[in-house]
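Read off the chains here:
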Amino acid sequence: MKSVQSWTVLLTLSALACACGGKNAGVKTTKVIPPATRPVAKEATEEDLADRYNALAKNVKALNATVELKTSTGSAYSGVINEYHEVKAFVLAARPSYIRMIGQVPVVGKTIFDMASDGRSFEVSIPPRNKFLEGPVALTRQSDKPIENLRPQHLLEALLWPEILKEEAVLMEESNDESVRYYVLTVLRGGYKTEILRKVWFDRADLNVVRLETYGPKGMLLSDVRYSDWQPVDVPPSGTSSPVAGNTIQNYPRNIRIDRTRDEYQLSMSVKKIVLNEPLEADRFTLAPPAGVEIVHVGDESQGQTP
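This is a predicted model, so every value here is computed, not measured.

(A) Expanded view of the environment of P106. Here P106 is to be found in the loop between β3 (98–104) and β4 (111–117). Put simply, P106 and V87 are 19 residues apart on the chain and 6.5 Å apart in space, counted from C-alpha to C-alpha.

Right under this line is the structure:
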């Protein structure tokens, strides 16, 4: 565990480095890749892309991962883990809506948070603050205390994608920037008025999913997740339960950046190890408050002031 003093030294050195840039300090440069050196853009149909996306959405039933976490300034997580140089986390997720994530300080193994959700309710234990948060998943009211906006189920859709259903209307388009060419599938929500439900971005160099945007009513952007560094998944250790038969998923993104601005939620995950479709017992997703901890019922209007 790195001390706050170490962070202060690092920030000071960074500031000095920026100040020593001379006449070029503050000059922003943009790297433009010449068209001739860009990767060849692959061709695909709407059906091809939907099938490619659904191959992962349908076939990944559960995951067991070890990740490293980094937060952004202003994130709900920053008040919990930013005082440490790095945080190692263990993530379990299983369909339809189970997730558990335990964050620890490397080497010493000190737990700094433990979160769980079953799709109906959530629990968040924060041992350094002697707090235990609990409340309904459906709660939408934002707290003025960022720490009370932590929601483990926000991770679930980023890790286990929702399927594109046959009855859902889908639009397809191309999009380009200076260096990358994309296909974009826009999934629509029906009803009284058609609205955007989800946007799926594919890099045309390899047709991997690189971005997943989720929208609420009236075009509200709820979640923006970026994916990169697709690599082969890991093999379960010998002597443990094997993945379910028929698992055909070979690759999974190793870098995932989640941005939920409305929830003050910005988190980057670097996946160090991941096993897919390993049987996970239900009791691994349960979380009970430790003895003597302060319990905070998030969403309870009668709850008093909480520091």
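Next comes the rest of the description.
(B) Layout of helix α2 (residues 46–59). For α2, which comprises 14 residues, the first-to-last C-alpha distance of 20 Å matches the rise-based estimate of 20 Å (1.5 Å per residue) to within 8%. Where α2 is concerned, the buried positions are L49, A50, Y53, N54, L56 and A57. Buried positions along α2 lie against β7 (170–176), β8 (181–189), β9 (195–203), β10 (209–215), β11 (221–232) and β12 (251–260).

(C) Seen up close, the pattern of salt bridges. All chains considered together, the criterion is met by 12 salt bridges. R189 is the salt-bridge partner of E195, the closest N and O atoms lying 3.6 Å from each other. A relative accessible area of 22% places E195 in the partly exposed class. A single network of salt bridges, built from pairs that share partners, joins R211, E213, D224 and R226.

(D) The arrangement of the nonpolar core in detail. Within the largest apolar cluster, 58 residues are counted, with the highest numbers of intra-cluster contacts made by L63 and L155. Broken down by element, the residue count for this core peaks at six residues, all from strand β13 (residues 265–276).

(E) Looking closely at the packing of aromatic side chains. In this structure the tally under the stated criterion is five aromatic pairs. Measuring from ring centre to ring centre gives 5.6 Å for Y98 and F285, while their planes differ by 50 degrees; the resulting arrangement is tilted. You can see Y98 sitting in strand β3 and its partner F285 sitting in the loop between β13 and β14 (294–297), a full 187 residues away along the chain. Here Y98 falls in the partly exposed class, since its relative accessible area comes to 30%. Given the relative accessible area of 8%, F285 is considered buried.

Reading the values: rules and limits
Each chain carries its own residue numbering, running from 1 in the direction its sequence is written. Local features in this predicted model are restricted to residues of pLDDT 70 or higher, and side-chain atom pairs are both shown and tallied only at a pLDDT of 80 or more, whereas totals for entire chains, interfaces and linings draw on every residue. Computation of side-chain values: all heavy atoms of the structure, hydrogens and water removed. In this text, helices come from DSSP runs of H or I with a minimum length of four residues, and strands from runs of E with a minimum of two, each type numbered from the N-terminal end. In a helix, the anticipated span is given by 1.5 Å times the number of residues less one. The classification of residues rests on relative accessible area computed with a 1.4 Å probe and restricted to protein chains. Under 20% of the type maximum is buried, over 50% is exposed, and intermediate values are partly exposed. Note on contacts: a residue pair qualifies if any of its non-hydrogen atoms lie within 4.5 Å across the two residues. Salt bridges are identified by distance alone: a Lys or Arg side-chain nitrogen within 4 Å of an Asp or Glu carboxyl oxygen. Residues enter a nonpolar core if they are buried and are Ala, Val, Leu, Ile, Met, Phe, Trp, Tyr or Cys, with the set joined through side-chain atoms within 4.5 Å. Each aromatic pair joins two rings of Phe, Tyr and Trp (for Trp, the six-membered one) with centres within 6.5 Å, and gets the label stacked for planes under 30 degrees apart, edge-to-face for over 60, and tilted for any other angle.

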